[in-house]
Amino acid sequence: MNIQTPIQNTPAEQAILDAFSERLSLLPGDGEVMLKRDAAIEAVKAGLPTRRIEAWHYTDLRRLLAKVPAYDDAAAAEAVPVLIEGSAVLPVLNGVAGKATALDGVTVQTVAEKLRDGSYAPALERQGDDDAIGALNAALVADGWFLDIADGTVLEKPIELQNVQAGGQVHTRFAARIGDGVTATIVERQAGSGGAFVSSVDNVVIGDGANVTWLIVQEEPDTATYLGQFNAWIGKDARFSLFVMNAGGKLVRQEVRVATKGEGSDFQLRGVNLLSGETHTDVTMVLDHAVPNTGSRELVRNVVTGRAHGVFQGRINVHQVAQKTDAKMACNTLLLSDDGEFSTKPELEIFADDVACGHGATVTEIDHGHLFYLMARGIDEKTARGLLVKAFVAEVIEGLEDEQLIEALEAKLDAWFATHG
Amino acid sequence: MLEIRNLHARIADEGTEIIRGLNLTVKKGEVSAIMGPNGSGKSTLSYILAGREDYEVTEGDILFNGESILEMDPAERAASGIFLAFQYPMEIPGVATMEFLKVALNAQRKARGEEPLKVPEFLKRVKESAGTLQMDMNMLKRPLNVGFSGGEKKRAEILQMKLLEPKLCVMDETDSGLDIDALKIVSDGVNALRSPDRAIVVITHYQRLLEHIVPDSVHVLYKGQIIKSGDKSLALDLEANGYAGVIGEAA
């Protein structure tokens, strides 16, 4: 016999449950959508994940999430300057989709519309017991953008999705169907002011032969909680490159869940985590090589200062049918303070017998020989350290092979080092 | 220009004394060779001059233009005009060579109260120097020393020296790893920098380099001390008879 006693919810959990009851009448969608929301909120009622849940071992959400703010409808968020000049912007300001820039070959709809017409209900399903972010977001999602990029479209300029808050609670979704043979760059910005509680979930389906770069640039203030989840399914012979930069937030978890669905597809994850102060940042990836002849590369570089704690969990599942999988994962950390901490957990689960899979993790300090060499040429210590730290992460950015993106992201690096270096 | 007085120094970590009462004076315009067998303290001396933290000076002083440099960090020493050409230049991934040259040059100019160089003028100077050293400009777009051959690294050191125009050049085993053609190019580069205002200290194991860079004075370093000094004929004597005789005399 198994009797479950209801747990005593933490103040943060209670705040989420209260918000759910209060907002229920305002949240878009009814019927099936509402049933899904009701089912999803049960995950919060049952208690947020603790370190006993394996996927959350290094990020005890229940303990770390000390406070959740109430909704703040008066908060006024403004769009942020675009990363790449000329991008078509799709903004979500304080949780509400704003005015979209029209773009040839791209059909857009707000997620609120899709919730109201019920077509978004299937996407509110929770992915397993440990999917706390998916559940939280499904219960409370209010708006976002759905974009459909027609087959064969070649976008000259990036699309920029913005999720900007000025406090309170915001639960957003970005969904995209990217057609066969599409070439596109999509920039996702997560930014704001005030101590907001943010969840943001992406669902991206990438068509056969497409070539897509998606960048998540997260620069929340160091008072905010950001819980992100990126889901993607990659079609046959498609190339998909995901870049994640975390350069802010007090409590951050960015999940990446990717599956190769078509043979010949290729996935690249590049991550840069710039951690400072007393913050906690977690990037957790689950990658499924589900068909034969697919490749993946994961390169994550972390810079840890202050008393920050970082986490990278990378799990690669190679299914039994996925012969000739070629996967390589690396996580390198530069620890710049004695009080900083970084936890890395690579996991390879391989059921196929003809594969090439590897992983590596390093934690280092600044190389004293390198520092001496630069200083011996007259470069003062602070500048020399800055050069070396920047070089460490710039390698990840340079792999993007797009001059405009590289320049814009290096400018972000410089800005971060100027205030935290 | 350089005056080392009764210098004692040890490895900071474990306390082994390497330099044991070293005295040396190098005048303006002088090219001075320091020779000695393996383990005599030659490279250590060069690192101590440049200010590497791994060594601790326990006694004595190093005066550069009459002022002690012991309290200065490596960057301050470089800005005051001391340049160490490394025996093994570091490979630094992610730092583009050109960017490094610009930052270094302008850091030194700034420390001396000069304006930063304008980009066209900077490029012109780099091109000129690279040309005389037969270096390909494409090489300078690569990360600093990464994938450079031994000879290319040494040329890159001389290129830096030409651009930074130091007052005192300390060349640590510059000939190691060079074939005869590269040795000629590098030596020509050093000789072009000889000037009445500049002193050059050439640290070497072999006489070979001194056929190309002819010294005004030669000093033998053994067990952390200068045990014999002379003119260029001393180097020839060492080449012919080895270090044993000189060491025997001193003992």
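Small disclaimer: the values here were computed from a predicted structure and weren't measured.

(A) Representation of the overall build of chain B in the model. Along the backbone of chain B there are nine helices and 12 strands. Taken over the C-alpha trace, chain B has a radius of gyration of 18 Å; the compact-globule value for 251 residues is 18 Å, and the two agree within 12%. Each of the three principal axes of chain B carries a C-alpha extent, and together these read 55 × 40 × 35 Å. Burial status across chain B gives 42% buried among its 251 residues. A sequence separation of at least 24 residues applies to 71% of the contacts in chain B between residues at least 6 apart.

(B) Layout of the overall build of chain A. Summing up its helical and strand segments, chain A has eight helices and 19 strands in all. Over its C-alpha atoms chain A spans a radius of gyration of 21 Å, differing by no more than 12% from the 22 Å that the globule rule assigns to 421 residues. Across the 421 residues in chain A, those meeting the buried criterion constitute 52%. Long-range pairs, those at least 24 residues apart, make up 84% of the contacts in chain A between residues at least 6 apart in sequence.

(C) The arrangement of the sheet that holds strand E16 (residues 309-318) of chain A in detail. Residue and element names in this part refer to chain A. Spatially, the nine strands line up as an open sheet ordered E3-E4-E6-E8-E10-E12-E14-E16-E18, and their pairing is mixed. Of all strands in the sheet, those with a lone pairing partner are strand E3 (106-110) and strand E18 (341-350), marking the two edges. Pairs of neighbouring strands in the sheet enclose a mean axial angle of 10°, with direction left out of account. Lying over the sheet, helix H5 (residues 132-140) contacts strand E6 (169-178), strand E8 (197-206), strand E10 (225-234) and strand E12 (251-260), oriented at roughly 100° with respect to E8.

(D) Seen up close, the interface of chain B and chain A. Contacts between the two partners involve 20 residues from chain B, matched on the other side by 17 residues from chain A. Among the elements of the structure, helix H2 (74-80), strand E7 (92-96), helix H3 (97-111) and helix H5 (150-164) of chain B are those that each provide at least two residues to the side of chain B that touches chain A. With five residues, the single largest contributor to the side of chain B that touches chain A is H3 of chain B.

(E) View of H5 of chain A. Of all the nine residues making up H5 of chain A, nine are buried; the element is thus mostly covered by neighbouring parts of the structure. Every buried residue of H5 of chain A is listed here: Ala132, Ile133, Gly134, Ala135, Leu136, Asn137, Ala138, Ala139 and Leu140 of chain A.

(F) Structural view of unusual backbone geometry. Residues and elements named next belong to chain A. The phi torsion at aspartate 237 lies on the positive side, around 55°, for a residue other than glycine. Tracing the chain through its elements places aspartate 237 in the loop between E10 and strand E11 (239-246). On the neighbour-count criterion, aspartate 237 (18 C-beta atoms within 10 Å) is partly exposed. Positive phi outside glycine occurs at lysine 324, with the angle close to 65°.

(G) Spotlight on the confidence of the model for chain B. The predicted model of chain B has a mean per-residue pLDDT of 92, with 100% of residues at 70 or higher. Under the prediction, the complex receives an ipTM of 0.95, its pTM being 0.87.

(H) Representation of helix H8 (residues 403-420) of chain A in the model. Its 18 residues place the ends of H8 of chain A 25 Å apart at the C-alpha level, agreeing with the 26 Å of an ideal helix rising 1.5 Å per residue. Lining the buried residues of H8 of chain A we find E11, strand E13 (266-275) and helix H7 (381-398) of chain A.

(I) Structural view of the nonpolar core. By size, the foremost hydrophobic cluster in this structure holds 199 residues, and its most contacted members are Ile206 of chain A together with Phe83 and Val170 of chain B. With 10 residues, the top contributor of residues to this core is H7 of chain A. Once you skip the residues sitting within four places of it in the chain, valine 170 of chain B turns out to touch Ser46, Leu49, Ala50, Phe83, Leu84, Ala85 and Val201 of chain B.

(J) Just the packing of helix H2 (residues 32-45) of chain A against H5 of chain A, in detail. All names here are of chain A. Running from N to C, H2 and H5 cross one another at 135°; their axes reach a closest spacing of 8 Å. Relative to H5, the element H2 lies oblique. As H2 runs across H5, the sense of the crossing is left-handed. Contacts between H2 and H5 involve Lys36, Arg37, Ala40, Ile41, Ala43 and Val44 from the former and Ala132, Ala135, Leu136, Ala138 and Ala139 from the latter. In the contact of H2 with H5, the residues fall into nine nonpolar, no polar and two charged.

(K) Examining the sheet that holds strand E11 (residues 217-222) of chain B more closely. All names here are of chain B. Pairing is mixed across the open sheet formed by six strands, whose spatial order is E6-E9-E10-E3-E11-E12. Here the strands that pair on one side only, and so sit at the sheet edges, are strand E6 (82-85) and strand E12 (225-230). Pairwise comparison of adjacent strand axes, ignoring direction, gives a mean angle of 20° for this sheet. In the sheet, E11 pairs with E12 via five bridges, with the strands oriented antiparallel. Bridging from a neighbouring strand, valine 218 pairs with glycine 230 of E12.

(L) Summary view of the pairing of strand E7 (residues 183-192) of chain A. Residue and element names in this part refer to chain A. In terms of burial, E7 is largely enclosed, as nine of its 10 residues are buried. The pairing of E7 with strand E9 (residues 211-219) spans nine bridges and is classified as parallel. Considered in E9, the bridge of glutamate 188 is made with isoleucine 216.

(M) Focus on the environment of glutamine 190 of chain A. Residue and element names in this part refer to chain A. Tracing the backbone shows glutamine 190 in strand E7. In this structure, the C-alpha to C-alpha distance between glutamine 190 and valine 164, residues 26 residues apart in sequence, is 6.1 Å. Ignoring sequence-local partners within four residues, the contact set of glutamine 190 consists of Asn163, Val198, Ser200, Ile216, Gln218, Glu220, Tyr226 and Gly228.

Rules and cut-offs
- Residues numbered from 1 in each chain as written.
- Chains lettered and ligands numbered in written order.
- Predicted model: local features only at pLDDT ≥ 70, side-chain atom pairs only at ≥ 80, totals over all residues.
- Helix = DSSP H or I, 4+ residues; strand = E, 2+ residues; numbered from the N terminus.
- Rg over C-alpha atoms; globule rule 2.2 N^0.38 Å.
- Buried ≥ 20, exposed ≤ 12 C-beta atoms within 10 Å, placed from the backbone.
- Contact = placed C-beta atoms within 7 Å.
- Pairing = 2+ DSSP bridges.
- Axes fitted to C-alpha atoms, helices over the stretch in contact; angles between N-to-C directions.
- pLDDT = per-residue confidence, 0-100.
- Expected span 1.5 Å × (residues − 1).
- Core = buried A, V, L, I, M, F, W, Y, C linked by C-beta atoms within 7 Å.
- Parallel < 35°, antiparallel > 145°, perpendicular 65-115°, else oblique.
- Left-handed = near helix turned anticlockwise from the far one by under 90°.
- Nonpolar A, V, L, I, M, F, W, Y, C, P; charged D, E, K, R; others polar.

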